[in-house]
Amino acid sequence: MDNRFVVSPSPHVHSGKSTSQLMLNVVLALMPAFAVSIYYFGLGAIIVTLISVFSCVLFEYLIQKFIFRVKPTICDCSAVVTGLLLAFNVPSNLPWYIIVLGSLFAIGVAKMSFGGLGNNIFNPAIAARIFLLISFPVQMTSWPLPVASRLQYIDAITGPTPLAIIKEGVKNGQTISQMADSIPSHMQLFMGLMGGSLGEIAAFALLIGFAWLLITRVITWHIPVSIFATIFVFTGILWLINPDIYADPVFHLLTGGVMLGAIFMATDYVTSPMHPKGMWIYGVGIGALTVIIRVWGSYPEGVSFAILIMNAFVPLINRFVKPKRFGAVVISSK
Amino acid sequence: MLNVLKTFKKGGVHPPENKISAVQPVEVLPLPAKVFIPLSQHIGAPAEALVAKGDRVKAGQLIAKSTGFVSANVHSSVSGIVESLEPVMDSSGYKRPAITINVEGDDWEPSVDRSPDLRKEITLSAQDIVKKIAEAGIVGLGGATFPTHVKLSVPTGKKAEMLVINGVECEPFLTSDHRLMLERSHELMVGIQILMKALDVPKALIGIEINKPDAISHLQSLAKSYGGIEVQPLKVKYPQGGEKQLIKALTGREVPSGGLPIDIGVVVHNVGTALAVYEAVQKSKPLVERIVTVTGKNLARPSNFLVRIGTPVSALIAAAGGLPDDTGKVVSGGPMMGKAVSSIDVPVTKGTSGILVIPATESKRKPEGVCIRCAKCVSVCPMGLEPYLLYRMGQRMQYSQMEVERVLDCMECGSCSFECPANLFLLDFIRLSKVEVGKIVRERKN
């Protein structure tokens, strides 16, 4: 009998978890929101998402193969997630070349130039979204209205987002109650009946995804909950001070990119802190910055800027905020 | 049942339990033709051989003497003739000084009481108990092999308040402690009382995970007739058998970083150690045999054996149905912390709790991916460390920073490597770095 054995250090068993399995669970968690987007935006949602995912995976493959000269790791599905998230963050009538440019920025600049998966400082999809927002302000802020034109892509009927309506209205001296007719009810917001980015509108579908991520233990609750709590408390205080010019906290939670951002973008492994204490600091920071930008900034929406800014603080948070060690007291070694 | 089961709070994982040999009663393994008894089966200085080639020895005879306070005697486990004093490879993979004995018959030292009668009365004083344990060469049988008499000698200025008995057996596959608790329970209880007397503590807590309900109920019913002993069922969670985790689970106390359990008034001993203590103190029987689980998914007959120290692992595997053809790895110990051996000729030593045979398909580690900073290693680390960070620092040999990040708190439980979705060799680099950081710390002390 051949008695040559494998000798390797312990442990000799593995949980079986893998990067691709985690990424696939994120993809699955995004599916309810994608289904709702297809229902609301129809053709545009499908075209934009396919172009985005395909181009992200392609750029990852090309860069790894021909610039890094390594075996492409597109099978880990991280580029698929980036592609999906980028698509979810843009309007469903965005021309194809802008999407491809965004994908190139996400994969090429935000991810690969830092060394690829695991090394990027900023969330690739968020970085690309902001790059596009600054480069193509018109195309990036023409929001197709849900259900209105399911069979059109570029020429879909567009309208403002609820956040833009409020920003504009307050600027023109209207009170929130005067705008009541033009902004959707809380229930409509919850169901996603508003103008907005392709995948950010339907709070209920994104919350189903959140539940899936928690059940499969892909993420912990800390980051999303700390963001929700901060936004709720912060906008709640403002609303109590003056409900005429500040929208109520539930409105703030259900509009714009809060749900998508808090559940899927801010929880990106690479660009978020490593343990609960740091996650709270990060989440509170994102929540506070979001409200500040929405209420006092020049953009109606601030989630992506808030996440990008807090991404930059993550290395610092990881460095200075440490988990509670077992046996907190140190017996000095003399 | 609304009361929540006790466990330690921070970190931990739950690997598949695979306790396939749990129902197999302990069988006495036939004597091998030859035994190889290493002189260093414990933490501390190796023992010094007292016999020469050609000497005739009896089972239970002292053949190597402890060479310091932290060291342990070694006794012959068989009767026969000393064949050589050449080094022999042990489960560490190194050749170490050992005594090879050709087995002839089964003659025991006359002082050893081998009758099955239970001796309950403890007549010796605390001091004599510790002396007797030291003479018997008893070490921690849970796997750490720290000399037991050292743990029982409480340093001046410290006071033991409580004895914790480790019946957790959190390693998957292993069942030797489980069987011991079922089959040798009376002796175990007396052994615990001896330890309580040696430490002068009124209370002993036995921690057992609820995947051994028969052991829990059996010992609970016995505990009524032995004063001061209490059985505490625990939730199944690895590494609850770690000393610090077990104390935390049972008492809520935390051993300070760099400290010992005695710093918070606790002493922990394994159930196997307690049984060895009983035999040494009540029966004058030194530590020459132990219960070993031989197991594996493809093994014909996963079993628990009572084995003489020094028996080659190959004899155990043969008795368990032989080595399966597709074997890729043989581990001395459990799958989480055991050591892979390069040959099955290595001997069973005092610290061998099990032999695990792993099929070829599950033997090789998957290639390393890249860290995606998912933080799972941080969340499962029972010591509250950041394995991903220590791994990176270890690769860059940043040892002084690693000391600040408390790398020496790591007990190498392997939860981080087990959990890592990128299959990073987290523990490998942490383990290597611990050696280097340990050197730095020792140099500073000198």
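Novice: Give a description of the pairing of strand 14 (residues 266-270) of chain B that names residues and reports values.
Specialist: Residues and elements named next belong to chain B. Strand 14 sits mainly inside the fold: 5 of its 5 residues count as buried. Where burial is concerned, the two faces of strand 14 agree: the one with V266, V268 and N270 and the one with V267 and H269 are both buried. Relative to strand 14, strand 11 (residues 162-166) is paired through 5 bridges, and the arrangement is parallel. When the bridges of strand 14 are listed, N166 appears paired with N270.

Novice: Describe unusual backbone geometry, and please don't skip the residues or the numbers.
Specialist: Omega for the peptide link from S10(A) to P11(A) comes to 0 degrees, which places this bond in the cis form. Mapping P11(A) onto the fold places it in the segment before helix 1 (19-41). Residue A375(B) is not a glycine yet carries a positive backbone phi of 70 degrees. The residue A375(B) is located in the loop between strand 19 (354-359) and helix 9 (376-380) in this model. The phi torsion at R406(B) lies on the positive side, around 65 degrees, for a residue other than glycine. Note on placement: R406(B) falls in the loop between helix 11 (399-404) and helix 12 (415-419).

Novice: Can you lay out the nonpolar core for me, pointing to particular residues and giving the numbers?
Specialist: Grouped together as the largest cluster of nonpolar side chains are 228 residues, with contacts concentrated most on I133(B), V164(B), V277(B) and L316(B). A total of 10 residues in this core trace back to one element, the largest contributor, which is helix 1 of chain A. Leave out the neighbours within four places in its chain, and L316(B) touches L29(B), V292(B), V294(B), F305(B), V307(B), T311(B), V348(B) and I355(B).

Novice: Explain the environment of T230(A) to me, and be specific about the residues and the numbers.
Specialist: Residues and elements named next belong to chain A. Mapping T230 onto the fold places it in helix 9 (residues 222-241). For T230, a count of 21 C-beta atoms within 10 Å gives the class buried. Here the alpha-carbon distance between T230 and G285, two residues 55 residues apart in the chain, equals 8.4 Å. Not counting residues within four places of it along the chain, the set of residues in contact with T230 comprises G283, V284, G287 and A288.

Novice: Could you give me a rundown of the packing of helix 10 (residues 387-395) of chain B against helix 13 (residues 426-445) of chain B, with the residues and numbers involved?
Specialist: All names here are of chain B. For the pair helix 10 and helix 13, the least separation of the axes is 8 Å and the interaxial angle reads 60 degrees. In terms of axis orientation, helix 10 runs oblique to helix 13. Both helix 10 and helix 13 take part in a crossing whose hand is left-handed. Contacts from P387, L390, Y391, G394 and Q395 in helix 10 reach L426, F429, I430, L432 and S433 in helix 13. A breakdown of the residues in the contact of helix 10 with helix 13 according to their chemical character gives 7 nonpolar, 3 polar and no charged.

Novice: Quick one: what's the story with the sheet that holds strand 6 (residues 74-75) of chain B, residue by residue and with numbers?
Specialist: Here 3 strands make up an open sheet; going across it, the order is 3-5-6 (chain B) and the pairing antiparallel. The sheet is open, and its two borders are formed by strand 3 (48-49) and strand 6 of chain B, each paired with just one other strand.

Novice: Give me the domain arrangement of chain B: which residues, what numbers.
Specialist: As far as domains go, chain B holds domain 1 (30-105 + 288-362), domain 2 (126-283) and domain 3 (376-445). Centre-to-centre, using C-alpha coordinates, domain 1 of chain B lies 30 Å away from domain 3 of chain B.

Novice: Give me the packing of helix 8 (residues 203-215) of chain A against helix 11 (residues 258-265) of chain A: which residues, what numbers.
Specialist: Residue and element names in this part refer to chain A. Helix 11 packs onto helix 8 with a crossing angle of 15 degrees between their chain directions and a minimal axis gap of 9 Å. When the interaxial angle is binned, helix 8 and helix 11 end up roughly parallel. Remark: the crossing between helix 8 and helix 11 carries left-handed chirality. For the pair helix 8 and helix 11, contact is made by A203, L206, L207, G209 and F210 and by M259, L260 and I263, respectively. Of the residues contributing to the contact of helix 8 with helix 11, the split by class is 7 nonpolar, 1 polar and no charged.

About the cut-offs
- Residues numbered from 1 in each chain as written.
- Chains lettered and ligands numbered in written order.
- Predicted model: local features only at pLDDT ≥ 70, side-chain atom pairs only at ≥ 80, totals over all residues.
- Buried ≥ 20, exposed ≤ 12 C-beta atoms within 10 Å, placed from the backbone.
- Helix = DSSP H or I, 4+ residues; strand = E, 2+ residues; numbered from the N terminus.
- Pairing = 2+ DSSP bridges.
- Core = buried A, V, L, I, M, F, W, Y, C linked by C-beta atoms within 7 Å.
- Contact = placed C-beta atoms within 7 Å.
- Axes fitted to C-alpha atoms, helices over the stretch in contact; angles between N-to-C directions.
- Parallel < 35°, antiparallel > 145°, perpendicular 65-115°, else oblique.
- Left-handed = near helix turned anticlockwise from the far one by under 90°.
- Nonpolar A, V, L, I, M, F, W, Y, C, P; charged D, E, K, R; others polar.
- Domains from an automatic or database assignment.

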